[in-house]
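Notes for the structure review
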Amino acid sequence: NLLFAVGAALIGWDAWAYAVAKLLADVATAVGLSLWAWRHAGRQEIDLRPALRDFLGVLRACVPIGISKLIHGLGYASDLFVLSLLVSTSVVGLYSAPFRIFSFIAGINAIYGVVLLPHFARAAPEGPQALRSVLLDSLKFAMPVAILGAGVGALLGPTLLPLVFGNGFESGATSMA
């Protein structure tokens, strides 16, 4: 993705560069993995009909989650796109710096969720009360860290942004508060 994004920026593409670069990188990755699998696994004579039925059943069951993730993804990054239609690129850049920090922290949150999955899986057969207990235990740990981190980020934003992104980003700190 980074290689395609840098290439798109060098070509001179504007706000659409990252979206197009990400799409091209994902397609290139999918094609590369498919070719690698075909070359190393070879052609196998396997009856895929039972596997396809199972796959379609799982796919049907996952549609609500997929739609939810799609809507979340569109909403998550749409603010930068909409902002780019309304203001100059320098203002978008000022907003984008704190957004990058937010995205990094959101990634840590996602990792924490993945770490909790085995705990939820063990608690699920015991019923809703056991799941609630795991959730509350995880929040007892996560909430103080999140509140402290948000406070530190809001207070140190004017210092943190120039340190991470360079001089000139101090005014972007208001969007961190």
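Above this text sits the structure in question.
Below is a summary of the structure that appears in this document. What you are looking at is a predicted structure, and each value in this text was computed from that prediction instead of being measured. (Residues numbered from 1 in each chain as written. Predicted model: local features only at pLDDT ≥ 70, side-chain atom pairs only at ≥ 80, totals over all residues. Heavy atoms only, no water.)

Focus: helix H4 (residues 89–123)
Each full turn of the α-helix corresponds to 3.6 residues, which orients residues three or four apart in the same direction. A rise of 1.5 Å per residue sets the reference length of H4, with its 35 residues, at 51 Å; its end C-alpha atoms lie 48 Å apart and thus fit the reference within 8%. Of all bends in H4, the biggest is about 35 degrees, found at leucine 116, and the proline proline 118 comes one to four residues later. Among all positions of H4, only Val92, Ser96, Ala97, Pro98, Phe99, Ile101, Leu116 and Ala123 are buried. (Helix = DSSP H or I, 4+ residues; strand = E, 2+ residues; numbered from the N terminus. Expected span 1.5 Å × (residues − 1). Bend = angle between axes of the 7 residues up to and from the residue. Buried < 20%, exposed > 50% of the residue type's maximum accessible area, 1.4 Å probe, protein only.)

A look at helix H5 (residues 128–165)
Here H5 contains 38 residues, and its C-alpha end-to-end distance of 45 Å is more than 12% below the 56 Å for a straight helix at 1.5 Å per residue. Along H5, the residues classified as buried are Ala130, Val134, Ser138, Ala142, Gly153, Gly157, Leu161 and Pro162. In this fold, the buried residues of H5 make contact with H4. Where H5 ends, the next residue or the one after it, glycine 166, has phi of about 105 degrees, a positive value. (Contact = heavy atoms within 4.5 Å.)

Re the packing of aromatic side chains
Applying the stated rule across the entire model yields one aromatic pair. Summarising the aromatic geometry, the rings of tyrosine 112 and phenylalanine 141 are spaced 6.1 Å apart at their centres and angled 45 degrees between planes, so their arrangement reads as tilted. Pair noted here: tyrosine 112 is in helix H4 and phenylalanine 141 is in helix H5, with a separation of 29 residues, a long-range link. (Phe/Tyr/Trp six-rings, centres within 6.5 Å; stacked < 30°, edge-to-face > 60°.)

What to know about the packing of H4 against H5
At a closest axis distance of 11 Å, the pairing of H4 and H5 adopts a crossing angle of 165 degrees. Classed by the angle they form, the pair H4 and H5 counts as roughly antiparallel. For the pair H4 and H5, the sense of crossing is right-handed. Facing H4, whose interface residues are Ala97, Pro98, Arg100, Ile101, Tyr112, Leu116, His119, Phe120 and Ala123, H5 presents Ala130, Leu131, Val134, Leu135, Ser138, Phe141, Ala142, Leu160, Leu161 and Phe165. Class assignment of the residues belonging to the contact of H4 with H5 gives a composition of 16 nonpolar, two polar and one charged. (Axes fitted to C-alpha atoms, helices over the stretch in contact; angles between N-to-C directions. Parallel < 35°, antiparallel > 145°, perpendicular 65-115°, else oblique. Left-handed = near helix turned anticlockwise from the far one by under 90°. Nonpolar A, V, L, I, M, F, W, Y, C, P; charged D, E, K, R; others polar.)

A few points about the pattern of salt bridges
This model, assessed by the stated rule, comprises one salt bridge. We note a salt bridge from lysine 140 to aspartate 137, for which the minimum N-O separation is 3.9 Å. Of this pair, lysine 140 and aspartate 137 both sit in helix H5, three residues apart, which is roughly one turn of the helix. For lysine 140, a relative accessible area of 62% gives the class exposed. A residue is classified by how much of its surface remains accessible, and aspartate 137, at 46% relative accessible area, is partly exposed. (Salt bridge = Lys/Arg side-chain N within 4 Å of Asp/Glu carboxyl O.)

With respect to the environment of glycine 113
Examined against the element boundaries, glycine 113 turns out to sit in helix H4. Look at glycine 113 and you get partly exposed, because its relative accessible area is 34%. Taking the C-alpha atoms as reference points, glycine 113 and serine 138, separated by 25 residues in sequence, lie 9.6 Å from one another.

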